[in-house]
Amino acid sequence: MSQFRTRRLLSLALGLGLASAALGTASPASAGTPTEVPARTATAGYVGSAGETGNKAFFDAVLKSVAKRQTAQATPLAVTVYYNATRAPSFRSQISSAASIWNSSVSNVKLQATSGGADFAFYEGNDPRGSYASTDGHGSGYIFLDYAQNRQYDSIRVTAHETGHVLGLPDHYSGPCSELMSGGGPGPSCTNRYPDATERSRVNQLWANGLAKALAEVNATG
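A. Inspection of the overall build of the protein at higher detail. The number of helices and strands found in the protein is five helices and five strands. Counting every position in the protein, which comprises 222 residues, the buried fraction comes to 51%. Within the protein, residue pairs in contact and separated by at least 24 positions form 72% of the contacts whose partners lie at least 6 positions apart.

B. Geometry of the side chain of Arg87. Examined against the element boundaries, Arg87 turns out to sit in strand S1 (residues 80–87). A polar contact of 2.8 Å, which involves the side chain of Arg87, links it to the side chain of Tyr123.

C. Here's a closer look at the pairing of S1. With seven of eight residues buried, S1 lies mostly within the body of the structure. By the bridge criterion, four bridges tie S1 to strand S2 (residues 110–113) in an arrangement that is parallel. If you follow Thr80 over to S2, its bridge partner there is Lys110. Where the polypeptide runs from S1 across helix H2 (residues 92–105) and back to S2, its parallel neighbour, the crossover connection is right-handed. As judged from the three bridges shared by S1 and strand S3 (residues 120–125), these two strands associate in the parallel manner.

D. Quick look at the state of the cysteines. Across all of its chains, the model carries one disulfide by this definition. Across a sulfur-sulfur distance of 2.0 Å, Cys177 and Cys190 are joined as a disulfide pair. Disulfide Cys177-Cys190: torsion about the S-S bond near 90°, hence right-handed. With Cys177 in the loop between helix H4 (155–166) and helix H5 (197–221) and Cys190 in the loop between H4 and H5, this pair connects stretches of sequence that are 13 residues apart.

E. Summary view of the pattern of salt bridges. Within this structure, the stated rule accounts for two salt bridges. Of the charged contacts in the structure, one is a salt bridge between Arg129 and Asp127, with a shortest N-O distance of 3.1 Å. With a shortest N-O distance of 2.9 Å, Arg193 and Asp154 are connected by a salt bridge. In this pair, Arg193 sits in the loop between H4 and H5 while Asp154 sits in the loop between helix H3 (147–152) and H4, placing the two residues 39 residues apart along the sequence. Take Arg193: its relative accessible area is 30%, and that puts it in the partly exposed class.

F. Molecular detail of H4. Taking 1.5 Å as the rise per residue, H4 with 12 residues should run 16 Å; its terminal C-alpha atoms sit 17 Å apart, in good agreement. Most of H4 is tucked away, with 12 of its 12 residues classed as buried. A positive phi of about 110° marks Gly168, the residue just after H4.

G. Local environment of the sheet that holds S1. The strand order across the open sheet built from five strands is S2-S1-S3-S5-S4, with neighbouring strands paired in mixed fashion. The open sheet has two edge strands, S2 and strand S4 (132–135), and neither has a second partner. Between one strand and the next, the sheet's axes are offset by a mean angle of 30°, whatever the strand orientation. Pairing analysis gives five bridges linking S3 to strand S5 (residues 141–146), with the strands arranged parallel. In the strand pairing of S5, Gly125 is matched with Asp146. Relative to the sheet, H4 contacts S1, S2, S3, S4 and S5, its axis offset from that of S5 by approximately 165°.

H. Local environment of the environment of Gly141. With respect to the secondary-structure elements, Gly141 resides in strand S5. For Gly141, a relative accessible area of 0% puts it in the buried group. Put simply, Gly141 and Phe122 are 19 residues apart on the chain and 9.0 Å apart in space, counted from C-alpha to C-alpha.

I. Summary view of the nonpolar core. Counting residues in hydrophobic clusters, the biggest one holds 37 residues, and the most contacted among them are Val81, Trp102, Phe120, Phe122 and Trp207. Put simply, the parts of the chain that give this core at least two residues each are helix H1 (52–71), S1, H2, S3, S5, H4 and H5. If you tally residues by element for this core, the top one is H1, at six residues. Setting aside chain neighbours within four positions, we find Val81 in contact with Val62, Val66, Arg69, Val109, Lys110, Leu111, Gln112, Asp119, Phe120, Val166 and Trp207. Counting five residues, the second-largest nonpolar core is a separate cluster that includes Ala121, Tyr123, Tyr132 and Tyr142.

The rules behind each value
- Residues numbered from 1 in each chain as written.
- Predicted model: local features only at pLDDT ≥ 70, side-chain atom pairs only at ≥ 80, totals over all residues.
- Heavy atoms only, no water.
- Helix = DSSP H or I, 4+ residues; strand = E, 2+ residues; numbered from the N terminus.
- Buried < 20%, exposed > 50% of the residue type's maximum accessible area, 1.4 Å probe, protein only.
- Contact = heavy atoms within 4.5 Å.
- Polar contact = N/O pair within 3.5 Å; in protein donor to acceptor, adjacent residues only side chain to side chain.
- Pairing = 2+ DSSP bridges.
- Right-handed = clockwise from strand over helix to strand, strands pointing away.
- Disulfide = S-S within 2.5 Å.
- Salt bridge = Lys/Arg side-chain N within 4 Å of Asp/Glu carboxyl O.
- Expected span 1.5 Å × (residues − 1).
- Axes fitted to C-alpha atoms, helices over the stretch in contact; angles between N-to-C directions.
- Core = buried A, V, L, I, M, F, W, Y, C linked by side-chain atoms within 4.5 Å.

Structure, rendered in structure tokens:
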């Protein structure tokens, strides 16, 4: 793949079942795309600013999920986004590293692993269109990590890039290797795994104000 891809899931059949998800044990060499991955419709890959619509849909869905969970707390805590990686066992190390990278890079939102209910999930398998982030636009979403692409490109970079969409960042394939959201644009030789100063600032800005806005929207709609 020349680029990491992000798509919006148009189907409403995104039944992740995170709380009771069963873990597959197939190896990358023999596994196809897992049947547990929710069906989606194929769309063209986003490039640069053209990807902002899909990226924003995923961010808004996760933000709404976080907001709903926090309204149930008597005293809202710092913004924590929970992810479930049990359906991507081959990438546990990369997912953990990507979460640590983001947690050390930004201050207004933190990523935390859980084996139960989560704001988004990771899946793994084979897909000729590569890795991507997807949402149904109704508060549920997932990141799919493609085996072949993660062998061709730096796997932690791929995972950190896709996680960047969860935090609100769009693709920017024309950017330099120093930009995490340039994805596969700079080519397989790019191994930078960290967001640059602009990307870090943008995520902090989004989560400093975005949660309050999401909470207001949730409260308004009941």
